[in-house]
Amino acid sequence: MKLNEKMLGKIREYPAEFDYLTGLPNRRGLYEFYNMLESDAIVHAMFIDIDNFKRVNDIYGHSMGDELLICISKLIEENVFGFTSRIGGDEFVAVLDGDMGIDELESTAKKLLKNMQDIDFRKDILSNVSLSIGIVTMQKVSLRLDDILHKCDSAMYEAKYDGKNRYVFYRENDRTIRRNRNMELEMDEALKNGQFEVYLQPKVNMISTKLTGAEALSRWNHPVDGVRTPAIYISLFEKNGFISKLDLYMFEQVCKIKQSWHGKKYGHIPVSVNMSRLHLYNKEFPDMLVEIADRYGVSHNELEIEITESVFVKDSEELIRNVKMLKEREFIVSIDDFGSGFSALNLLKDLPVDIIKIDKEFLDDSGDDDRGKKVLRNVINMCKDLKLDVVTEGIETEEQREFIVRCGCQIAQGFLYAKPLPLNEFDKFANEYIANDDTSYTFKLDGDIKSDDGKIEADAKCFSELKYGTGIFKNKKALVFPGGEKEQEVIELPNEILSSDSFMVSMWIYPIEEHSWSCAMYVKYETGFFGMIPLAWEGHSSFRIRDSKEVDGWYDISGCKLQVNEWSHYVVSYNAKTETAYAYINGQLVGNMKNVPGNRYAKRIVLGGDVFQPSFIGKICEVTFYNEIRDHDFVYNLHQSYVTRDDFIGFEIGIDK
C-alpha cells in the first residue's frame, strides 16, 4: 500500500480539512485520509510533539510561536515520507506506509531530531525547544484511528518523561500504557461508585501555628490497587478530558463536607478546590458552582477556586472575564503553582484574584542562593502590595519556614505541618490547631503576666521586680511600670501573638509621670516598627508606624494625649488591605491615616518601652491583641463592655491616693 498523491488530492478538495497556519491537513483531514485507506492495509504512525513550546509563546509571544510551527511543519514534510498533519497546538501526526522497514522509521526519527536544530530559525529559541516522538508500527487499518493515536501518543509521552529530544517505539506490553488504558476503562464507573475520595491538606499560619484553611485533593481508592495518588491519574485525565467531571465531583464533595461541618468550631474555614482550564471556557461554569454550593447551603466566600498559573498565559482576556464572574459570585479565587513556569506577572494587575500560591519548585529553586531568595522575597512583597494574600506550598523544614516568614508570608501548607489527610484525621488536626473564633490574646496583667488561657507568659527578664497596683475594676490589679533606661523595666511577649498583617491592639493605660515619646507598647518588624505612645508631644498621643524601606517613612496617627494619673482606654488598629491606620481613645475615633505601608512579620513585642526612649512610667492592664481588623462599632462596644460593669472604677479620680 502506497500513500499516494491521489489520496492527498481528494483531501485538498475540502479546505476546512486543512490547518490555516501550516497548510498541513488538520485532525479532520487526518481522519478523512485514514477512512479512505483499504481496511486490510498496514500502516505505521508517528506522533510528534514540540518540547517546551509553551515557553516560546510565554516569552516571545504567539506570533513567534506561529512562525516556529510553520518552520517545524516544513521540517516534518521534508523528512517524513508519508501523510503528515497538524492535529492541534504543537502536535503533529504522520501516517507512514507499512512496507517501510523499522530501520527506515528509526532513520526518519533521527533525522527529525538532528535537523530540528538546523532549521532556519532564531538560535536562542531553538536552544530551548526539541521534539519528542512516539512511534507505533504495523497497525491494521481495520483498527480505530483513535486506538492507534493513543498508542503512539503514549509512546511520545514516555519520550518526554525520559528526558525529551528522543523517540520511543510503542511496546504492547508496556506497563504504564496498560495501566493508563485500564484506568480509562474504569474511571467513569469509579466516579459513579464514589471511589474518588477527598483528602484535605491544612493551610497553617506559620507564626501562630493555627489552622486557616485547607486544600481538597483527590485520592482514587481502587478496590484492587488500593489508594492511587493524583500523580498516577491526573495527567491522563487532563489529556482525555475526564478531569472536568472529576473537578465538579470534588467541588460537590467539598460542599457536602462543609455542610457536615455545621456547628464545628472550624466549620467556616475556606476550602480550596482545583479547577482545570477546560471549565474557564464555559460561561455557565460560575453559575454551575453557585447551584452546587447553594444546594448544600455553603457560603460562596468559604469556597476557594484554585486555577493553575499557566492557564492565564494564553487567552488571558477570556479567562480574566470568567474569573471576574467567579468573583462577582463571591467565590475566593487563587492562582496555584505560581512560579512553576514563566509567570505572567503583568497579568496580576488585571486579575481579580485573592490569593497567590507560591509553588514548591519556586521555593526549592530560590532557597539555595542569595539571588533566588531576593527574587522570592520581592515576589511576595509585590503580591502583598497588590493586596493579594500569599500561601507558600511545600514547606518541609524549619529553615524554609523561617525564611518564608521573614519574606513576609505567613500562610503555608506542607509536610512540616501535615500531609493531605483523610477526613477523620483532618478532624483531629483541625480540633488541635484551629484558631480561636476571635483570633485574640488577652493579658489582664492582674497579678501575673500570663494570657487569659494560661498558655502564654510574658518574659520579665528586663524587669527588676513585678509589682501591681489598683486596676480598672474593684479587687483587680494592673502591672506597674516604674520606668528606666531604654529597654529596661519592660516585659516582652512572644511574637506569634501578632500573626496577621491586619490587627488591633486594645489596652488600658494609666500614666504616672509625663515623659514625651515613651512607648506603652513597641512592636519591631522585619522592615520597621509601630509604637503606642500615650504622651508624644505637647497635647498629643501618637500611634507611630515606621516603614524603614523609605527614608521619610514616618506615619503618626495622633489624638489627644492621655492624661496623667487617669485611666484611658487606648486602641490602635491597622487594615493591611486598605493601608489605613486608626487610633481610638475611650471608644471614640481620634485619628486615622490612609496610604500607610504595612510592616510584616513581627519579630519583637515589648510592653512598657522601646529601643529609643526611656521606659514608660505608669500602669497597664487588660491588653488584648486581635489578629484581624475590627470596625468602629466594635471598639465602641468594647469600651462600653468595660465601663458599664458594676465593678468598674477606672474613671474614679485619685483611686491610688
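Computed from a prediction, not measured in an experiment: that's the story for all the values here.

Q: Outline the sheet that holds strand β4 (residues 130-140), supporting the account with residue identities and numerical values.
A: Taken together, the five strands give an open sheet; going across it, the order is β2-β3-β1-β4-β5, and neighbouring strands pair in mixed fashion. The sheet terminates laterally at β2 (82-88) and β5 (166-169), the two strands that pair on one side only. Going from strand to strand, the sheet's axes swing by 20 degrees on average, the running direction of each strand aside. Here strand β1 (residues 42-51) runs beside β4; their pairing, made up of nine bridges, is antiparallel. From the neighbouring strand, D49 faces β4, where its bridge partner is S132. Taken strand by strand, helix α7 (residues 145-161) contacts β1, β3 (91-97), β4 and β5, and its axis lies near 145 degrees from that of β4.

Q: Any chance you could break down the pairing of strand β17 (residues 477-482) for me, citing the residues and the numbers?
A: As judged from the four bridges shared by strand β16 (residues 467-470) and β17, these two strands associate in the antiparallel manner. Pairing of K467 across the sheet is with V480, part of β17. Bridge count for β17 against strand β28 (residues 617-626) is four bridges, and the pairing is antiparallel. Opposite F481, over in β28, you have G618 as the bridge partner.

Q: Give a description of the nonpolar core that names residues and reports values.
A: Grouped burial of nonpolar side chains is what soluble globular proteins tend to show. In terms of nonpolar packing, the biggest core is built from 80 residues, with F196, F237, F251 and F426 touching the most fellow members. Among the elements that make up this core, the one with the highest residue count is helix α10 (residues 243-260) (nine residues). Here F251 is in contact with V273, M275, L289, I292, A293, L303, I305 and F331, once residues within four sequence places are set aside. Grouped together as the second largest cluster of nonpolar side chains are 43 residues, Y441, F543, Y555 and F625 included.

Q: How would you sum up the layout of surface pockets? Please name residues and give values.
A: Approximately 1500 Å³ is the volume found for the second largest pocket. Lining the second largest pocket are 49 residues, with T212, D389, I411, S500 and N627 sitting closest to its centre. Looking at which element gives the most residues to the lining of the second largest pocket, the answer is strand β7 (residues 210-222), with four residues. Class assignment for the residues of the lining of the second largest pocket results in 16 nonpolar, 16 polar and 17 charged.

Q: Please set out empty space enclosed by the protein residue by residue, giving values where relevant.
A: In this structure the tally under the stated criterion is five cavities of 30 Å³ or more. What the largest cavity holds in volume is close to 80 Å³. Contributing to the lining of the largest cavity are D501, F503, Y525, F529, F530, I545, Y574, P597, G598 and N599. The residue inventory of the lining of the largest cavity, partitioned by class, reads seven nonpolar, two polar and one charged.

Reading the values: the criteria
- Residues numbered from 1 in each chain as written.
- Predicted model: local features only at pLDDT ≥ 70, side-chain atom pairs only at ≥ 80, totals over all residues.
- Heavy atoms only, no water.
- Pairing = 2+ DSSP bridges.
- Helix = DSSP H or I, 4+ residues; strand = E, 2+ residues; numbered from the N terminus.
- Axes fitted to C-alpha atoms, helices over the stretch in contact; angles between N-to-C directions.
- Contact = heavy atoms within 4.5 Å.
- Core = buried A, V, L, I, M, F, W, Y, C linked by side-chain atoms within 4.5 Å.
- Buried < 20%, exposed > 50% of the residue type's maximum accessible area, 1.4 Å probe, protein only.
- 1 Å grid on protein atoms, 1.4 Å probe; cavity = no way out; pocket = protein on both sides within 12 Å on 5 of 7 lines; lining within 4 Å.
- Points joined across faces, edges and corners; volume = space filled by probe spheres on them.
- Nonpolar A, V, L, I, M, F, W, Y, C, P; charged D, E, K, R; others polar.

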